[in-house]
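Now for the letters of each chain:
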Amino acid sequence: MRFTLAALLTTAMCSPLFAQSEPSLAEIQARSLERAVMEHTVPAVERFDDAARDLVLASAADCTPAAMQPAYHAAFDAWMGLQHLHMGPVEENGRILAIAFWPDKKGMIPRTLARAIADEDAVVNDAEGFSDASIALRGLFALEYMLFDPQFDDYDAGSYSCALVQAISNDLGRMAHAIDMEWTEDGGFKDTLLLAGEAESPIYLSQMESVQALYTMLNSSLENTKDQRIGRPIGTFERPRPTRAEAYRSARSERNVILQLEAARDLAHKLAPGETPKTDDAFEQTLALAEALDDPDFSGAADPMRRLKIEIVGQNIDTILGHIANEVGASLGVSAGFNASDGD
Amino acid sequence: MKRMMTAMIAAALPATAFAGEAEVVANYADIAEAIYGDSLIKAKHLDAAIEAFVAAPSDQTLTAAKSAWLAARVPYQQSEVFRFGNPIVDDWEGKVNAWPLDEGLIDYVDAVYGGATDENPLAALNVIANPTFEISGETIDASVITPELLGETLHEADEVEANVATGYHAIEFLLWGQDLNGTDHGAGNRPYTDYVVGEGCTGGACDRRAQYLTAATKLLVSDLEYMAAQWADGGEARETVLADPSAGITAMLTGMGSLSYGEQAGERMKLGLMLNDPEEEHDCFSDNTHNSHYYDGLGIHNVYVGQYVRVDGTLVSGESLQDLLEAADPALAADLTAAVDHTVAELGQIKAAAEAGFSYDQMLEAGNEAGEELIMSAVDALVAQTREIERAVAALSTEIEVEGSDSLDNPDAVFQ
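Every value quoted in this text rests on a predicted model; they were computed, and no experiment measured them.

(A) Summary view of the overall build of chain A. Within chain A, the regular secondary structure consists of 14 helices and zero strands. Rg of the C-alpha trace for chain A: 21 Å, near the compact-globule value of 20 Å for 344 residues, within the 12% margin. Judged by the C-alpha coordinates and their principal axes, chain A covers about 70 × 50 × 35 Å. By the burial criterion, 51% of the 344 residues in chain A qualify as buried. In chain A, the proportion of contacts linking residues at least 24 apart, taken out of those at least 6 apart, comes to 75%.

Rendered as structure tokens:
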């Protein structure tokens with residue numbers, strides 16, 4: 001019933017007959033929530049599920065690096081459309097960490113992979129056991145080492161490394177499918193968001209809280225891109241750190257920034273009750289600057305001029321955040337809550 | 001610190017101040033003064049115990065020093081809830097409680113530790129063994145290990161956060177040594193002979209190790225003196241929250257929420273569990289992690305209910321956030337009370353199991369279902385509590401503050 005009502009309200013808004021009636025804040029929030037959940041979050045979980053399934057199929061067909069790389073990139077692309085939704089099934093069971101453990105400040109991934117390969121750890125033959133293994137052995141960043149790092153990427157079909165790559169892929173496929181199901185099924189997380197206080201087991205007590213949760217994700221994802229994806233490699237002027245860039249081994253550092261900005265722009269549009277001209281301009285300008293970097297792995301962070309250009313992308317994200325607060329947050333009556341990056 | 005939560009919501013709320021805010025923040029400042037004062041008292045006890053230990057190293061004096069360290073953690077961990085809402089604390093706390101650390105910077109380590117890493121070229125520097133060394137191309141004279149050397153040159157050397165040269169965890173490592181038991185029971189087991197000067201010295205450079213331990217402890221005492229003064233009458237931290245009680249209320253809730261969710265539930269508990277890595281324990285050398293988690297949780301509880309039991313048993317109490325919330329929204333107050341009580345109970349279960357012999361590193365072992373259940377229940381409680389804190393922010397917030405940016409009015413400014 002609720003969905004029908006939301007649909008009617010949308011129709012009413014578009015009709016000149018009702019042009020005079022001012023929707024209440026609750027109605028505005030309900031419509032934004034419906035759009036964001038159905039047109040942003042649901043396609044995001046479905047795309048990641050599809051891409052992860054292709055990754056599983058690719059690893060079964062040919063597990064060697066050159067053959068696997070396109071499916072790896074496609075899966076990572078799809079993940080960048082979802083990774084900002086740090087909630088519900090994505091957060092459940094620590095999946096977000098299992099799918100993408102980064103930054104790996106202590107070099108746990110190469111150490112753990114090397115140990116598993118040296119010991120030929122039988123956990124790769126046991127899907128359930130693998131899903132309990134250390135996150136340093138799992139997910140997109142473990143796969144990146146296997147497919148792109150010279151320490152790991154020289155293996156043959158039929159080797160232990162091949163079985164490990166297949167186990168990582170299968171585990172990703174399993175998690176992506178579970179996220180999709182748990183999000184989209186009847187009574188799933190989409191309903192937790194949409195129905196809010198009337199959901200079967202509510203997490204959000206009102207639709208405003210659901211809207212606020214999504215709005216928090218929008219803000220924190222942009223802050224993370226600035227602080228982590230950009231902040232880590234640029235370090236300080238005296239001490240840039242290009243090897244701290246995200247996914248630099250597979251030359252995805254710039255691409256991940258761009259894809260994250262695109263995902264945030266889409267979420268901002270779906271949440272916004274009205275036009276967002278300043279936000280749009282800021283996204284457009286930031287994306288243009290990011291695309292103009294032409295520095296796929298952010299190795300340019302080591303060069304003062306190129307480092308500055310990366311830094312400017314981060315500064316532009318601050319501009320985006322300011323406009324989002326005014327054009328999206330204020331018109332929805334919400335601002336950002338706590339997020340997983342609070343703390344240190 | 002990544003970000004402070006700004007004051008929020010408010011579009012639907014009247015912009016009136018709540019009665020009692022001034023009393024609540026005054027009590028908050030009193031609690032902070034007592035907690036940092038207690039931390040200082042216990043750090044001085046630790047300093048005395050360490051002086052006695054290095055003067056006459058033995059199993060007994062080492063055990064006494066370790067006991068003093070464990071006692072010192074009790075008030076300090078309860079102070080962590082003051083971090084995130086108060087910039088003066090957050091800017092300072094890295095000196096005393098930075099974690100995790102690449103302990104090879106400080107002293108000898110086992111071969112499995114490895115050497116320099118991509119992230120940290122100084123990960124295996126070993127200052128105790130080396131009176132001179134290079135940092136970022138500069139030669140450092142460390143022939144005498146002083147508090148200044150530790151605080152100003154070594155701490156966060158080369159801009160690497162894992163280069164923790166000072167504070168509780170550096171001292172912890174110097175007392176216990178590395179915990180080489182993996183996810184089996186057992187803490188670090190450094191022999192007291194690591195501090196025997198002359199014949200019988202183990203681990204090399206025992207005199208320098210004693211110098212380091214003494215210097216790090218003196219520095220801890222002086223850093224805590226500074227923070228205790230900030231919360232005393234006329235101190236900057238106290239004046240800041242008293243000057244603007246509404247902002248002070250937001251600071252209190254920000255500290256509670258940020259510690260609950262991003263810091264404790266995420267960084268400290270869930271990540272370690274999912275890595276199955278005993279080095280991800282917060283107090284990994286001493287196996288005191290169950291207590292550091294518990295007292296963090298108790299600290300959040302303290303701020304909410306406006307009470308703190310001092311190390312001498314006396315009670316500091318007064319008007320509380322709980323009182324304010326009961327006036328504004330009784331149902332929400334009951335929910336948040338239930339949530340923080342539940343979290344303390346869950347953290348208490350971890351503490352109880354650990355003290356009975358099922359240590360935190362055993363809980364982290366891959367496939368250990370009982371350990372996973374204990375830790376995840378506490379994580380879930382912290383996350384649930386965060387949602388109630390967010391609701392309390394909305395209910396008690398009186399400010400409309402739209403997050404702005406310097407470049408907002410002039411987006412091209414960043415190119416200039």
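Structure shown, so let's carry the discussion forward.
(B) Looking closely at the nonpolar core. The biggest cluster of nonpolar side chains holds 124 residues, and the ones touching the most others in it are Phe48, Ala75, Ala142, Leu218 and Leu271 of chain A. Looking at this core, the element that brings in the most residues is helix α2 (residues 25–61) of chain A, giving 12 residues. Discounting residues that sit within four places of it in the chain, Ala75 of chain A has contacts with Ala51, Ala52, Leu55, Leu140 and Leu172 of chain A. Core analysis: the second largest hydrophobic core is formed by 95 residues, Tyr28, Ile35, Ala205 and Met256 of chain B among them.

(C) Expanded view of the environment of Thr184 of chain A. All names here are of chain A. Within the secondary structure layout, Thr184 lies in helix α9 (residues 160–184). Under the C-beta neighbour-count criterion, Thr184 is labelled partly exposed, with 19 such atoms within 10 Å. Along the sequence, Thr184 and Pro43 sit 141 residues apart, while their C-alpha atoms lie 9.6 Å from each other. Residues in contact with Thr184, not counting those within four places in the same chain, are Val42, Val45 and Lys190.

(D) How the structure looks around the confidence of the model for chain B. All names here are of chain B. When the pLDDT values of chain B are averaged, the result is 90; 91% of them are 70 or greater. The model gives residues 1–16 a pLDDT under 50, and that stretch makes 46 contacts with residues more than four places away or in other chains. The low-confidence segment residues 399–416 (pLDDT under 50) makes 32 contacts with residues lying over four places distant or belonging to another chain. Across the predicted assembly, pTM comes out at 0.88 and ipTM at 0.84.

(E) Spotlight on the packing of helix α5 (residues 168–176) of chain B against helix α6 (residues 206–231) of chain B. Residue and element names in this part refer to chain B. In contact at an axis separation of 9 Å, α5 and α6 are set at 150 degrees when each is read in the N-to-C sense. The angle between α5 and α6 falls in the class roughly antiparallel. As α5 packs across α6, the resulting crossing turns out to be left-handed. Of α6, the residues touching α5 (which contributes Tyr168, Ala170, Ile171 and Leu174) are Arg209, Tyr212, Leu213, Ala216, Thr217 and Leu220.

(F) Structural view of the domain arrangement of chain A. Residues and elements named next belong to chain A. Each domain of chain A was delimited in the assignment, giving domain 1 (24–198) and domain 2 (208–332). Centre-to-centre, using C-alpha coordinates, domain 1 lies 22 Å away from domain 2. Across the boundary between the two partners, domain 1 contributes 24 residues, which contact 27 residues of domain 2. Elements supplying a minimum of two residues to the side of domain 1 that touches domain 2: α2, α3 (65–80) and α8 (139–148). Here the element with the most residues in the side of domain 1 that touches domain 2 is α2; it accounts for eight residues.

(G) Focus on unusual backbone geometry. Of note, the bond from Trp102 of chain A into Pro103 of chain A is cis; its omega dihedral lies within 30 degrees of zero at 0 degrees. As for its position among the elements, Pro103 of chain A is in the loop between α5 (95–99) and α6 (108–119). That bond from Trp99 of chain B to Pro100 of chain B is cis: its omega, -10 degrees, falls within 30 degrees of zero. Within the secondary structure layout, Pro100 of chain B lies in the loop between α3 (87–97) and β1 (132–135). The backbone phi angle of Asn93 of chain A is positive, close to 55 degrees, even though this residue is not glycine. Relative to the elements of secondary structure, Asn93 of chain A occurs in the loop between α4 (88–91) and α5. We note that Ala251 of chain A has phi near 55 degrees; this positive angle belongs to a residue other than glycine.

(H) Here's a closer look at the pairing of β1 of chain B. All names here are of chain B. Across four bridges, the pairing between β1 and strand β2 (residues 138–141) is antiparallel. Looking across to β2, one finds that Glu134 is bridged to Thr139. The antiparallel hairpin formed by β1 and β2 contains two residues in its connecting segment, where Ser136 sits at a positive phi of about 50 degrees.

Rules and cut-offs
Residues numbered from 1 in each chain as written. Chains lettered and ligands numbered in written order. Predicted model: local features only at pLDDT ≥ 70, side-chain atom pairs only at ≥ 80, totals over all residues. Helix = DSSP H or I, 4+ residues; strand = E, 2+ residues; numbered from the N terminus. Rg over C-alpha atoms; globule rule 2.2 N^0.38 Å. Buried ≥ 20, exposed ≤ 12 C-beta atoms within 10 Å, placed from the backbone. Contact = placed C-beta atoms within 7 Å. Core = buried A, V, L, I, M, F, W, Y, C linked by C-beta atoms within 7 Å. pLDDT = per-residue confidence, 0-100. Axes fitted to C-alpha atoms, helices over the stretch in contact; angles between N-to-C directions. Parallel < 35°, antiparallel > 145°, perpendicular 65-115°, else oblique. Left-handed = near helix turned anticlockwise from the far one by under 90°. Domains from an automatic or database assignment. Pairing = 2+ DSSP bridges.

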